[in-house]
Amino acid sequence: MNRENVKRRKHGQKLQISIIAFMGLFSAVMMYPFIWMLLTSFKSNAEIRTNRTRFFPEVWTLKGYETALEKAPLGQWFLNSLFVTVFVTVIVILTSTLIGYVFAKYRFRAKKLLFVVLLASMMVPGQVTMIPRYLIIQKMHLFDTIWALIIPGLLSPFTIYLAMQFISDIPDSLCEAAKIDGAGPLRIYWSIILPNVKPLIGSIGIFTAMMHWNDYLNPLLMLNDKSRMTLPLGLVIFESQRSSDLSATMAAAAMMMVPMIIIFLLFQKQFTQGMTLSSGMK
């Protein structure tokens, strides 16, 4: 019996080591393009052209970053992207958790119909609504403004559905106890619901922030003024104008990606908890 336990333990250890080794290799393969881009941003253009296979810079230089900051309004593009991302992310967290709370804990007329509409809207590809969204933005006189990127993104059917599923798992007894103590719907939402869905908030925040920070198609459709552009669109224009300056292009791309990596590292725990809980949703 002891021998069998020892064999099982050794087998389990070997399996665990194999999984860790596979995941490490997979992670290295996935991270290779980003690491190569980051290291290339510290090379000179001459070194990039002459030593294409060299991984680490022979001579470390910040010339690419200096050129990128001098030749393009990266600061303005960064602020535009930051404003759009933060504003939309905060509003989406509030609207998703509030609407999800109403769907999960209240009964009202046409609830099933609205839920069907919510599910149906999740099945419509974003490309289908591009032209109607463009025409609506023009009629609202918001074309070529930052608000043309913000207003269409204030509601997200997917995150509303996700919030509803999370909030459904919160015991009704907590809400009933709060009602007995005299709490209204908004007080219950603020004091009971939100503190119990922190993993959900982290997941929605990361998903929404990444989607809007990396969004290229909507700024391309809605913006013309160079000063109002966000980083993804601005970097494409910068790369097309300075296609021969690989060092500056890689430096600009690295500056765009670093903020999202920092956000993910800061909220990794909440993101992991949210994904674990969402995988077990009913």
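**Student:** Could you clarify how one ought to interpret the overall build of the chain in this entry?
**Tutor:** Each helix and strand counted, the chain has 15 helices and 0 strands in total. Its C-alpha radius of gyration of 24 Å places the chain more than 25% over the 19 Å reference for a compact globule of 282 residues. Projected onto its principal axes, the C-alpha positions of the chain cover 75 × 70 × 35 Å. Every one of the 282 residues in the chain was classed for burial, and the buried ones make up 35%. Here the chain contributes 27 positive and 14 negative side-chain charges, whose respective centroids are spaced 10 Å apart.

**Student:** Honestly, the nonpolar core in this entry has me stumped. Any pointers?
**Tutor:** Nonpolar side chains in soluble globular proteins generally cluster together in the buried interior. Of all hydrophobic cores here, the largest spans 28 residues; its most connected members are Ile193 and Leu200. Breaking this core down by element, the ones donating at least two residues are helix H4 (74-105), helix H7 (147-150), helix H8 (157-168), helix H9 (172-180), helix H10 (185-193) and helix H11 (198-213). It is H4 that contributes the most residues to this core, 5 residues altogether. Not counting chain neighbours up to four residues away, the residues in contact with Leu200 comprise Thr97, Leu162, Ala163 and Phe166. Judged by nonpolar contacts, the second largest core, of 15 residues, contains Trp77, Ala209, Leu231 and Leu235.

**Student:** What is the right way to read the packing of aromatic side chains from this model?
**Tutor:** Describing an aromatic ring pair means giving the distance of the ring centres and the angle of the ring planes. The full count for this structure, using the stated rule, is 13 aromatic pairs. Centroid distance Tyr101 to Tyr189: 5.9 Å. Interplanar angle 35°. Geometry classified as tilted. Placement of the pair is Tyr101 in helix H4 and Tyr189 in helix H10, with a sequence separation of 88 residues. Following the ring pairs from residue to residue traces out a cluster consisting of Phe103, Phe108, Phe115 and Tyr161.

**Student:** Just to check I follow, could you spell out the packing of H4 against H8 for this structure?
**Tutor:** Helix-helix packing: each pair is described by the crossing angle between the helix axes and the interaxial distance. At their nearest, the axes of H4 and H8 sit 7 Å apart, and the two run at 50° to each other. Taken as axis vectors, H4 and H8 run oblique relative to one another. Relative to H8, H4 is oriented so that their crossing is right-handed. Facing Val92, Ser96, Thr97, Ile99, Gly100, Tyr101, Phe103, Ala104 and Lys105 of H4, the residues of H8 in contact are Thr159, Ile160, Ala163, Met164, Ile167 and Ser168. Looking at the contact of H4 with H8, its residues break down into 9 nonpolar, 5 polar and 1 charged.

**Student:** Please clarify how the environment of Leu266 should be interpreted in this entry.
**Tutor:** Along the chain, the position of Leu266 falls in helix H14 (residues 246-266). Judged by its relative accessible area of 62%, Leu266 falls in the exposed class.

**Student:** Explain empty space enclosed by the protein to me, please; I cannot follow it from the model alone.
**Tutor:** Gaps left between atoms are located by rolling a probe of water-molecule size over the structure's atoms. Considering all chains together, one arrives at 1 cavity of 30 Å³ or more under this definition. Of the voids in this model, the largest cavity is the one considered here, and its volume is about 60 Å³. Every residue lining the largest cavity is listed: Ser81, Val84, Thr85, Leu149, His212, Asp215, Asn218, Pro219 and Thr230. Of all elements in the fold, only H4 and helix H12 (217-222) reach the threshold of two or more residues within the lining of the largest cavity. The biggest single contributor to the lining of the largest cavity is H4, with 3 residues. A per-class count over the lining of the largest cavity returns 3 nonpolar, 5 polar and 1 charged.

**Student:** Looking at this structure, how should I read the side chain of Thr230?
**Tutor:** The topology assignment puts Thr230 in the loop between H12 and helix H13 (231-241). Overall, Thr230 belongs to the buried group, its relative accessible area being 5%. For Thr230, the residues in contact, after removing those within four places along its chain, are Trp77, Asn80, Ser81, Leu149, Asp215, Pro219 and Leu223.

**Student:** Can you walk me through the pattern of salt bridges in this structure?
**Tutor:** Opposite charge on two side chains permits pairing when their charged atoms draw close. Counted by the stated rule, this structure contains 4 salt bridges. Residues Asp172 and Lys105 are paired through a salt bridge, measuring 2.7 Å at the closest nitrogen-oxygen approach. Here Asp172 is found in helix H9, whereas its partner Lys105 is found in helix H4, with 67 residues between them in sequence. Judged by its relative accessible area of 18%, Lys105 is buried. A salt bridge links Lys179 to Glu176; its shortest N-O distance comes to 4.0 Å. On the criterion of helical spacing, the pair formed by Lys179 and Glu176 is a turn pair, its members being 3 residues apart in helix H9. Classification of Lys179 by relative accessible area gives partly exposed; the value is 40%. Its relative accessible area of 43% is what places Glu176 among the partly exposed residues.

The rules behind each value
Residues numbered from 1 in each chain as written. Predicted model: local features only at pLDDT ≥ 70, side-chain atom pairs only at ≥ 80, totals over all residues. Heavy atoms only, no water. Helix = DSSP H or I, 4+ residues; strand = E, 2+ residues; numbered from the N terminus. Rg over C-alpha atoms; globule rule 2.2 N^0.38 Å. Buried < 20%, exposed > 50% of the residue type's maximum accessible area, 1.4 Å probe, protein only. Lys, Arg positive; Asp, Glu negative; His and termini not counted. Charge placed at Lys NZ, Arg CZ, Asp CG, Glu CD. Core = buried A, V, L, I, M, F, W, Y, C linked by side-chain atoms within 4.5 Å. Contact = heavy atoms within 4.5 Å. Phe/Tyr/Trp six-rings, centres within 6.5 Å; stacked < 30°, edge-to-face > 60°. Axes fitted to C-alpha atoms, helices over the stretch in contact; angles between N-to-C directions. Parallel < 35°, antiparallel > 145°, perpendicular 65-115°, else oblique. Left-handed = near helix turned anticlockwise from the far one by under 90°. Nonpolar A, V, L, I, M, F, W, Y, C, P; charged D, E, K, R; others polar. 1 Å grid on protein atoms, 1.4 Å probe; cavity = no way out; pocket = protein on both sides within 12 Å on 5 of 7 lines; lining within 4 Å. Points joined across faces, edges and corners; volume = space filled by probe spheres on them. Salt bridge = Lys/Arg side-chain N within 4 Å of Asp/Glu carboxyl O.

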